Amino acid sequence: MTSRRVVAALAGLGIALTSGAGDASTLGREDKRPTGETYEQILERLGDGNAENLVIRGEHDSRTDARKHRRFYTDLKPLDDLPPYVPAPGLSGTIRVSGLYLHDGLIREPWIAAFERFHPGVEVVITPKGTVASGEVDIETGPRISDRLRAASEYEQATGERLFEIDWASGSYDVPGWSPAFVIFVHQDNPIAHLSLDQLDGIFAGSRTGGWKGTRWDPGVARGAEKNIRTWGQLGLTGEWADQPIRIYGRPLKYNIQLGFERKVFQGGDVWNENTREYSHEVNPDGTRYTSSVEMVRDMAADRYGISFSDMGSNKPGIRAVPIGRDAKGPFVPVSLESLRDRSYPLFIEQWAQVRVAPGQPLKPLVRAFLAFMLSREGQDAIQRDGKWIPLPAARAKEMLAKLDQRGEAVDPKALGLHLSMLAPKKWDGESPDETGRVEARRAYYTKRFDLDALPAYEPPSGLRGRVRMPASGQWTESGIGTALIEAFRRHHPDVRFELADGDLIRGEVDLSVGRKWSSYFAGEVFDFQQKHERSPREFQIATGAFDVSGWNPAIAIFVGRDNPIRGLTVRQLDGIFGGPRRGGWVSTTWRRQAGRGADENLRHWRQLGVEGACADRPITVYVPPLKYHQMSVFERKVMVGGNMWNDAVREIPLALDDKGRRTVPGADRLAAVARDRCAITFASPNFAHPGTRMVPVARDASSPFVLPTLDSVRERRYPLHLEVYAYADRKPGEPLEANAKAFLRFVLSRDGQRLIEQGGKWLPLTADVAAAQRARLDAKD
């Protein structure tokens, strides 16, 4: 049933939705089969996913609310082997702890009462939200921050510290939402007796050149394709099973749950077996939520050769859980409440507590005391009585208690924030940073003047006064382009003032935000806006990105070896080379199965593209940035229709420090790799060049001409892999855009505004048809 809150929210958006079969809603009723459409075509036809996400989140919240005060496990075990809490004398003050499930469940009140009884001068405040990075709380509980590279990198950049973390409980056995353990399911007829972690790596992962250890890239965990396991015979099965492919059922790779599996099984690698069939939460035709884990396991139960990782909450007749061993020697342990209590089952999920500790300093006494309480017999007993999470084994609790004596660790200044701008460029900057470190923000790199006569002159409305709030940082202001536009606008409207101070549109701190396209997959910035406001931000293209100025949204150029005879590639062929088969893709913030494609479109050898000669029978070697880098999501949108399943033989080349401590240039490194391997391919900004490589013309589709990126072809958007520059604003449904912000954007989109963008010499002015489409968006009231 769809919750009343969701029905009311959708009604406010003008979407009628009843809660039973036969409702009048169109949500979830469209044909979900792959269509071959582009990202933009699916987005235009089906929308940005806000309505679907309200249903999905509302159903999630309703189900979570129904579980949070329920005790699922009532068999209380003696905890005598856990150390009792020993209160330190003289503590006073307030300890602030965050954690949504900690706050909403049955642990909060017992913890507060017990700790304040031990320390009468202390107040314990447990809140659903709050981060240690912001200083809102002293202890942050929940998903492991160091698994989430963007958050961990931002923390290190802001503080110069390594995050201090302990784990204080195990996730549940089978309670959805309370971190149930990873479970490997196969069909009930499958004779496989057990699997090791290395075998799971071989099944679920692809080859890799390294992996993530927190925010550090570790090439020491690389492995080759020879360790891939793709048939049941490679696991020792015989007879009918020997030659059968292992068919994988999983979740979309953008889901946070994948991160823990990558850490535990892939050693931090992020290349998945490209044949994984991804299942996402969606909306059913009756307006209810299509739950990914349930539907995934249901489909796998009908596939004798299938395998999935899910959780025991998804268990059903027709499948069985496989015992897992840490290594080939075993023991191989079945998942159970007991094997999670003692952690003999390897795929448990930890509950993390994270705090700030200054380099070289100990934990603050009150913080240390509360962490020690969490790990104590009294703290763990409250966890057990909550009946969802599972108490720590005594040995692990003692190990974590000993860790409380460690001092804070500084991040190596040379490595500080090394990957941050690659992982999480700020919203007011470009899609990726200037890798060369040589681009000057105030320099005009292009001096050509385009014919802008087809753009309309600005016609100022009368009576404007008030303010427009915009961020003070970013390329918009650093280049002087923003300043020039503001000054020119104020000559028309002197009573409008601009307040420049860094702030977030999501939090209502600014009226306009200018920069890169907001990330729009699940848990991206557009999704965050939707969840907070139950509507989407208003998006406008205000310029085309650069042709070849590094860091300024340059076009994506495709490079091959100099002697490779390939004449050109279509966008769909690039998808076949760089991508893997997929069950769907992220179109804005919603998983759309219409974006899927089959393995029959894979292109893995040059002969498939008509290439003859030395490379004809050679595999296409693919070099890319690490898959977690932000620019990969840009490529996914432009080429892979929002899909995030990559060719599982890609070779990732990250930003690194050379032997002299200098930062490398990954784009140049990828071109050098292609030059060494003349049958390879990569993508990079057109500003990179290597005598052993050349750029390949790209066609929008099979009926379009092949086009090389040039200043004109990028500006005119004839080259398909151009990028854009965006402005974002907020507007409630059915209401006009705020008058001052609307007028300023209309000025930016006018001939006068686009001429100033052109004079900046990096971004390119819009064509008349693109500018007209953006002006129409200004006037929309939907």
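Everything that follows concerns the structure shown earlier in this document.
Below, the structure is looked at part by part. (Residues numbered from 1 in each chain as written. Predicted model: local features only at pLDDT ≥ 70, side-chain atom pairs only at ≥ 80, totals over all residues. Heavy atoms only, no water.)

**Quick notes on unusual backbone geometry**
Part 1: Cis geometry marks the peptide bond from glycine 330 to proline 331, where omega comes out at 5 degrees.
Part 2: Here proline 331 lies in the loop between β15 (324–325) and α10 (337–341).
Part 3: Even without being a glycine, glutamate 534 presents a positive backbone phi close to 55 degrees.
Part 4: Take glutamate 534: it is sitting in the loop between α17 (525–533) and β20 (538–544).
Part 5: Residue glutamate 534 is classed as partly exposed on the basis of its relative accessible area, which comes to 26%.
Part 6: In this structure, asparagine 553 takes a positive phi of about 55 degrees despite not being glycine.
Part 7: If you trace the backbone, asparagine 553 turns up in the loop between β20 and β21 (557–561). (Helix = DSSP H or I, 4+ residues; strand = E, 2+ residues; numbered from the N terminus. Buried < 20%, exposed > 50% of the residue type's maximum accessible area, 1.4 Å probe, protein only.)

**Some thoughts on the sheet that holds β20**
Part 1: The 3 strands lie next to each other as β19-β30-β20, forming an open sheet whose pairing is antiparallel. Edge positions in the open sheet fall to β19 (513–515) and β20, since each of these has one partner strand only. Averaged over all pairs of adjacent strands, the angle between their axes in this sheet comes to 20 degrees, without regard to strand direction.
Part 2: Where β19 and strand β30 (residues 724–729) come together, 3 bridges link them in antiparallel fashion. Bridge pairing in β30 links valine 514 to alanine 727. (Pairing = 2+ DSSP bridges. Axes fitted to C-alpha atoms, helices over the stretch in contact; angles between N-to-C directions.)

**Some remarks on empty space enclosed by the protein**
Gaps left between atoms are located by rolling a probe of water-molecule size over the structure's atoms.
Part 1: Tallied over the entire structure, the rule returns 4 cavities of 30 Å³ or more.
Part 2: Lining the largest cavity are 19 residues, and of these Ser432, Pro554, Gln631, Ala684 and Ser685 sit closest to its centre.
Part 3: At the level of secondary structure, the elements contributing two or more residues to the lining of the largest cavity comprise α19 (630–639) and β27 (680–684).
Part 4: In terms of residue class, the lining of the largest cavity is built from 9 nonpolar, 7 polar and 3 charged.
Part 5: In this structure, the second largest cavity spans a volume of roughly 170 Å³.
Part 6: Lining the second largest cavity are 16 residues, with Ser520, Tyr521, Ser633, Val634 and Arg637 positioned closest to its centre.
Part 7: Per element, the largest residue contribution to the lining of the second largest cavity is 5 residues, and it comes from α19. (1 Å grid on protein atoms, 1.4 Å probe; cavity = no way out; pocket = protein on both sides within 12 Å on 5 of 7 lines; lining within 4 Å. Points joined across faces, edges and corners; volume = space filled by probe spheres on them. Nonpolar A, V, L, I, M, F, W, Y, C, P; charged D, E, K, R; others polar.)

**Section: the pattern of salt bridges**
Part 1: One pass over the full model with this rule turns up 65 salt bridges.
Part 2: A salt bridge links arginine 368 to aspartate 405; the nearest nitrogen and oxygen atoms lie 2.6 Å apart. Taken together, the residues arginine 368 in helix α11 (residues 365–375) and aspartate 405 in the loop between α13 (394–403) and α14 (420–423) connect sequence positions 37 residues apart.
Part 3: Overall, arginine 368 belongs to the partly exposed group, its relative accessible area being 29%.
Part 4: On the basis of relative accessibility, which here comes to 54%, the residue aspartate 405 falls in the exposed class.
Part 5: Linking arginine 467 and glutamate 499 is a salt bridge whose minimum nitrogen-to-oxygen distance equals 3.3 Å. (Salt bridge = Lys/Arg side-chain N within 4 Å of Asp/Glu carboxyl O.)

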